[in-house]
Amino acid sequence: QVQLVESGGGLVQPGGSLTLSCVASGSLFSYSSMGWYRQPPGKERDMVAIFTSFGNTNYADSAKGRFTISRDYPKNTVYLQMNSLKPEDTGVYYCRVVSRGNAYWGQGTQVTVSS
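Below, the structure is looked at part by part. Starting afresh in each chain, residues are numbered from 1 along the sequence in its written order. Reporting in this predicted model follows two pLDDT cut-offs: at least 70 for local features of residues, and 80 or more for side-chain atom pairs to be given and counted; totals over whole chains, interfaces and linings ignore these cut-offs and use all residues. Hydrogens are left out, water is left out, and the side-chain values use all remaining heavy atoms of the structure.

1. Comments concerning the overall build of the chain
Counting its regular elements, the chain contains zero helices and eleven strands. Here a strand is any run of E in DSSP of at least two residues, a helix any run of H or I of at least four, and the numbering for each starts at the N terminus. The order of helices and strands in the chain, counted from the N terminus, is β-β-β-β-β-β-β-β-β-β-β. For this measure, only C-alpha atoms enter the radius of gyration; the expected value for a globule follows 2.2 Å times N^0.38, where N is the number of residues. The globule rule puts the C-alpha radius of gyration for 115 residues at 13 Å, and the 13 Å found for the chain is close to it. Judged by the C-alpha coordinates and their principal axes, the chain covers about 40 × 25 × 25 Å. Two residues qualify as a contact provided that any one of their heavy atoms is within 4.5 Å of a heavy atom in the partner residue. Across the chain, contacts joining residues at least 24 apart in sequence account for 53% of those joining residues at least 6 apart. Charged side chains of the chain number 10 positive and 7 negative; the gap between the two group centres comes to 5 Å. The charge count includes Lys and Arg as positive and Asp and Glu as negative, but it does not include His or the ends of the chains. Each charge is placed at NZ for Lys, CZ for Arg, CG for Asp and CD for Glu.

In structure tokens form, the structure reads like this:
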């Protein structure tokens, strides 16, 4: 069973920065893809930034130029560096990995961007 634990969310003012972390129970080498998704209040969950199974990165248009996804294999951790945060970035951020065709989600971490 894959377990994912996110952290790093919180309340930040517009223009601020946050770094989210997702620690996986297994080696990152065992996952074909991994990344971050966001669910704003009352809306559906959408992709923010991912590493694809080909090793490329994909970003949502709203995240390009402001967010950076990275990973640390020895620490089994995926990060999401978020800069120049906007109120519309508010939501619950979820980590997701795919292992052997199955998707696994973390419990989510709340990010609130407000003055």
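2. So, the environment of Asn 58
Within the secondary structure, Asn 58 sits in strand β6 (residues 57-59). Throughout this description, buried means an accessible area under 20% of the type-specific maximum (1.4 Å probe, protein chains only), exposed means over 50%, and partly exposed covers the range between. Residue Asn 58 is classed as partly exposed on the basis of its relative accessible area, which comes to 37%. Considered as a pair, Asn 58 and Val 48 are ten residues apart in the sequence and their alpha carbons are 8.1 Å apart. Not counting chain neighbours up to four residues away, the residues in contact with Asn 58 comprise Met 47, Val 48, Ala 49, Ile 50 and Thr 52.

3. So, unusual backbone geometry
A positive phi angle, near 50°, is found at Asn 76, a position not held by glycine. Here Asn 76 lies in the loop between β7 (67-72) and β8 (77-82).

4. Brief notes about the packing of aromatic side chains
Both the distance between ring centres and the angle between the ring planes are used here to describe each pair of aromatic rings. Here a Phe, Tyr or Trp ring, Trp counted by its six-membered ring, pairs with any other such ring whose centre lies within 6.5 Å, and the pair is stacked when the planes are under 30 degrees apart, edge-to-face when over 60, and tilted otherwise. Taken as a whole, this structure holds three aromatic pairs when the rule is applied. Seen in terms of ring centroids, Tyr 37 and Trp 105 are 5.0 Å apart; in terms of plane orientation they differ by 70°. Their pairing is edge-to-face. In this pair, Tyr 37 is assigned in strand β4 (residues 33-39) and Trp 105 in strand β10 (residues 102-105), connecting sequence segments 68 residues apart. Judged by its relative accessible area of 14%, Tyr 37 falls in the buried class. Overall, the relative accessible area of 36% leaves Trp 105 in the partly exposed class. These aromatic residues form a ring-pair network of at least three members: Tyr 37, Tyr 94 and Trp 105. Cation placement over rings: the criterion is NZ of Lys or CZ of Arg within 6 Å of the ring centroid and within 35° of the ring normal. One Lys or Arg, Arg 45, reaches over the ring of Trp 105 and ends 4.6 Å from the middle of that ring. Positioned over the ring face of Phe 51 is Arg 71, at 3.8 Å from the centre of the ring.

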